[in-house]
Amino acid sequence: MLNGLWLSFFLVAAVAALVRWIGGDPGVWAAMVESLFAMAKLSVDVMVLLFGTLTLWLGFLRIAEKAGLVDILARLLGPLFARLMPEVPRGHPALGLVTLSFTANGLGLDNAATPIGLKAMKSLQELNPSSTSASNAQVLFMVMNASSFVLLPVTIFMYRAQAGASDPALVFLPILLANAISTMTALLSVAFMQRIRLTDPVLLAWFGGGALLLGGFMAVLAGLSATALTALSSLLGNLTLFALILCFLVMGALKKVPVYESFVEGAKEGFEVAKNLLPYLVAMLCAVGVLRASGALDQLLDVIRWAVEGLGLDSRFVDALPTGLVKPFSGSAARAMLLETIQSQGVDSFPALVAATMQGSTETTFYVLAVYFGSVGLQRARHAVGCALLADLSGVLASIVVCYWFFG
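Residues numbered from 1 in each chain as written. Predicted model: local features only at pLDDT ≥ 70, side-chain atom pairs only at ≥ 80, totals over all residues. Heavy atoms only, no water.

**Student:** Would you mind showing me how to read the overall build of the chain here?
**Tutor:** Within the chain, the secondary structure is distributed over 17 helices and 0 strands. Here the chain holds 408 residues, and the buried ones make up 51% of them. A separation of at least 24 residues holds for 79% of the contacts in the chain among residues at least 6 apart in sequence. (Helix = DSSP H or I, 4+ residues; strand = E, 2+ residues; numbered from the N terminus. Buried < 20%, exposed > 50% of the residue type's maximum accessible area, 1.4 Å probe, protein only. Contact = heavy atoms within 4.5 Å.)

Given below as structure tokens:
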């Protein structure tokens with residue numbers, strides 16, 4: 001799918017450029033070639049900061065792993081997942097792996113979450129009577145992974161910092177709220193399809209408590225002005241990030257973890273991960289740059305903008321839509337769309353803020369589906385795709401609403 005998507009960017013750009021050339025615009029070819037080199041340079045600029053950010057963050061996360069923070073969260077969430085997956089026997093290793101996968105995702109431990117998640121899917125397959133059709137537990141696991149809640153979207157902060165944002169964590173609260181809505185949509189849609197008994201006392205305690213906390217938090221935010229909301233998002237984003245790092249260090253010290261050596265060990269992994277990302281970043285950014293230079297992307301957005309304005313609505317969010325539209329298909333393409341929006345519109349422009357929020361509250365549904373189900377040979381996803389795409393849609397819509405609320 002990624003091959004087809006990448007190739008289609010160039011083919012659509014070629015057709016759009018041909019139309020403009022025939023229409024009397026011979027400069028379109030020069031603009032497309034110039035865009036190729038400009039996007040290649042932007043990729044290297046992004047990588048310079050990406051090296052430092054991933055090295056720093058994975059170093060601290062390795063301390064958290066060795067301090068047992070992930071295991072603590074796994075024990076905390078175990079009773080919840082035991083009720084969401086009633087067909088999985090109590091004490092089965094799959095429940096521990098599922099919980100570890102979600103907690104690793106929540107902490108931003110992508111490298112740990114994926115291998116743990118694949119082990120969990122394999123363990124769930126041992127309980128599946130079908131070799132080709134996903135079980136209820138596997139569908140729930142996949143959909144929740146496709147809308148995983150991330151406490152700290154550090155990568156998005158990094159992209160904003162690289163682009164010169166005065167406050168990279170400005171989008172912290174909008175992402176947090178939009179992400180909560182998309183995750184809850186995923187869970188409720190699967191619960192509806194699988195007839196999970198949400199009246200269970202444990203589920204009521206978790207979801208009711210979470211809903212009350214979120215509702216109370218939003219009620220407090222509703223009483224604040226746009227200026228106060230922006231200031232609060234900045235404060236909480238930076239405070240949470242530093243407090244979490246400090247928590248990792250203190251827990252590591254209390255558990256007698258060699259914090260310096262552990263940090264260096266994780267930092268080496270971060271360096272390797274960043275190095276391997278450069279080819280993908282160059283490929284996608286160049287494809288998106290050509291698409292923009294050809295005029296094809298602008299023409300699509302103009303049609304959407306015309307329809308939105310015809311309904312009497314504000315259309316400033318339209319320039320952010322490319323990020324949300326391609327995210328279910330490709331994370332690298334969505335990242336390229338976000339970076340291109342930041343470059344063309346300005347890092348603190350309204351479209352760039354909406355695009356960053358969309359990037360943080362949606363997931364690469366088809367990639368997750370292919371990796372997790374493909375790892376155990378499942379061919380029938382049942383209602384997994386529909387529920388995951390519904391979560392993506394809610395994340396996109398929530399991003400738009402929340403950003404209008406915060407940034408006007």
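**Student:** Whenever I open this one, the packing of helix H8 (residues 172-194) against helix H17 (residues 384-407) confuses me. Can you help?
**Tutor:** The axes of two packed helices give the description: the angle between them and the distance between them. For the pair H8 and H17, interaxial distance at closest approach is 8 Å and the crossing angle is 150 degrees. Put simply, H8 runs roughly antiparallel to H17. Here H8 runs over H17; the crossing is right-handed. Listed contacts from H17 to Leu 173, Pro 174, Leu 177, Ala 178, Ile 181, Ser 182, Thr 185, Ala 186, Ser 189, Val 190 and Met 193 of H8 are Cys 387, Leu 390, Ala 391, Ser 394, Gly 395, Ala 398, Ser 399, Val 402, Trp 405, Phe 406 and Phe 407. Each residue belonging to the contact of H8 with H17 can be placed in one class, and the counts come to 16 nonpolar, 6 polar and no charged. (Axes fitted to C-alpha atoms, helices over the stretch in contact; angles between N-to-C directions. Parallel < 35°, antiparallel > 145°, perpendicular 65-115°, else oblique. Left-handed = near helix turned anticlockwise from the far one by under 90°. Nonpolar A, V, L, I, M, F, W, Y, C, P; charged D, E, K, R; others polar.)

**Student:** What's the story with the packing of aromatic side chains in this structure? I'm lost.
**Tutor:** Aromatic ring pairs are defined here through the distance separating the ring centres and the angle between the ring planes. Under the criterion given, the structure shown has 6 aromatic pairs. Pairing Phe 350 with Tyr 404 gives two aromatic rings, centres 4.6 Å apart and planes at 50 degrees, and the pair type is tilted. Placement of the pair is Phe 350 in helix H15 (residues 350-361) and Tyr 404 in helix H17, with a sequence separation of 54 residues. Judged by relative accessible area, which is 23%, Tyr 404 ranks as partly exposed. (Phe/Tyr/Trp six-rings, centres within 6.5 Å; stacked < 30°, edge-to-face > 60°.)

**Student:** Could you clarify how one ought to interpret H15 in this entry?
**Tutor:** It helps to recall that an α-helix has 3.6 residues per turn; residues three or four apart then point in one direction. Given a rise of 1.5 Å per residue, 12 residues ought to cover 16 Å, and the 17 Å separating the end C-alpha atoms of H15 matches this to within 8%. H15 sits mainly inside the fold: 12 of its 12 residues count as buried. Of all the positions in H15, only Phe 350, Pro 351, Ala 352, Leu 353, Val 354, Ala 355, Ala 356, Thr 357, Met 358, Gln 359, Gly 360 and Ser 361 are classed as buried. (Expected span 1.5 Å × (residues − 1).)

**Student:** Even after reading the chapter, I still don't get a nonpolar patch on the surface, so can you show me in this structure?
**Tutor:** Residues Phe 242, Leu 246, Leu 249, Val 250 and Leu 254 make up a contiguous nonpolar surface patch of roughly 490 Å² in combined accessible area. Topologically, Leu 254 is positioned in helix H10 (residues 226-254). On the basis of relative accessible area, Leu 254 is assigned to the exposed category, the value being 67%. (Patch = residues over 30% accessible without salt bridge, like charges linked within 9 Å, V, L, I, M, F, W, Y side chains within 5 Å. Areas by Shrake-Rupley, 256 points an atom, 1.4 Å probe, with all protein chains shown as cover. Salt bridge = Lys/Arg side-chain N within 4 Å of Asp/Glu carboxyl O.)

**Student:** What's the story with unusual backbone geometry in this structure? I'm lost.
**Tutor:** Comment: phi is negative for the bulk of residues other than glycine, and the bulk of peptide bonds are trans. Phi is positive for Arg 195, which is not a glycine, with a value near 55 degrees. Among the structural elements, Arg 195 can be located in the loop between H8 and helix H9 (201-222). With a relative accessible area of 74%, Arg 195 lands in the exposed category. Located in the positive-phi region is Lys 256, a residue other than glycine, with phi close to 60 degrees. Counting through the fold element by element, Lys 256 comes out in the loop between H10 and helix H11 (259-294).

**Student:** I'm lost on the environment of Thr 155 in this one. Help?
**Tutor:** Within the fold, Thr 155 resides in helix H7 (residues 154-162). Relative accessible area serves as the criterion here: at 36%, Thr 155 is assigned to the partly exposed category. Counting along the chain gives 98 residues from Thr 155 to Trp 57, while the straight-line C-alpha distance between them is 9.6 Å.

**Student:** Sorry if this is basic, but what is going on with the side chain of Ser 182 here?
**Tutor:** Assignment of secondary structure puts Ser 182 in helix H8. When residues no more than four places from it in sequence are discounted, the contact partners of Ser 182 are Ser 147, Ser 361, Ala 391, Ser 394 and Gly 395.

**Student:** Looking at this structure, how should I read the environment of Lys 255?
**Tutor:** Looking at the element boundaries, Lys 255 is found in the loop between H10 and H11. Lys 255 sits in the exposed class, given a relative accessible area of 51%. Residues Lys 255 and Lys 66 lie 189 residues apart in sequence; the distance between their C-alpha atoms is 8.5 Å.

**Student:** Quick question: what am I supposed to make of the pattern of salt bridges here?
**Tutor:** Pairing of side chains with opposite charge becomes possible as their charged atoms draw close. Enumeration according to the criterion identifies 9 salt bridges in this entry. Note that Arg 316 and Asp 314 form a salt bridge whose closest N and O atoms lie 3.1 Å from each other. Taking relative accessible area as the criterion, Asp 314 reaches 38% and is therefore assigned partly exposed. The network of salt bridges with common partners includes Arg 62, Lys 66 and Glu 265.

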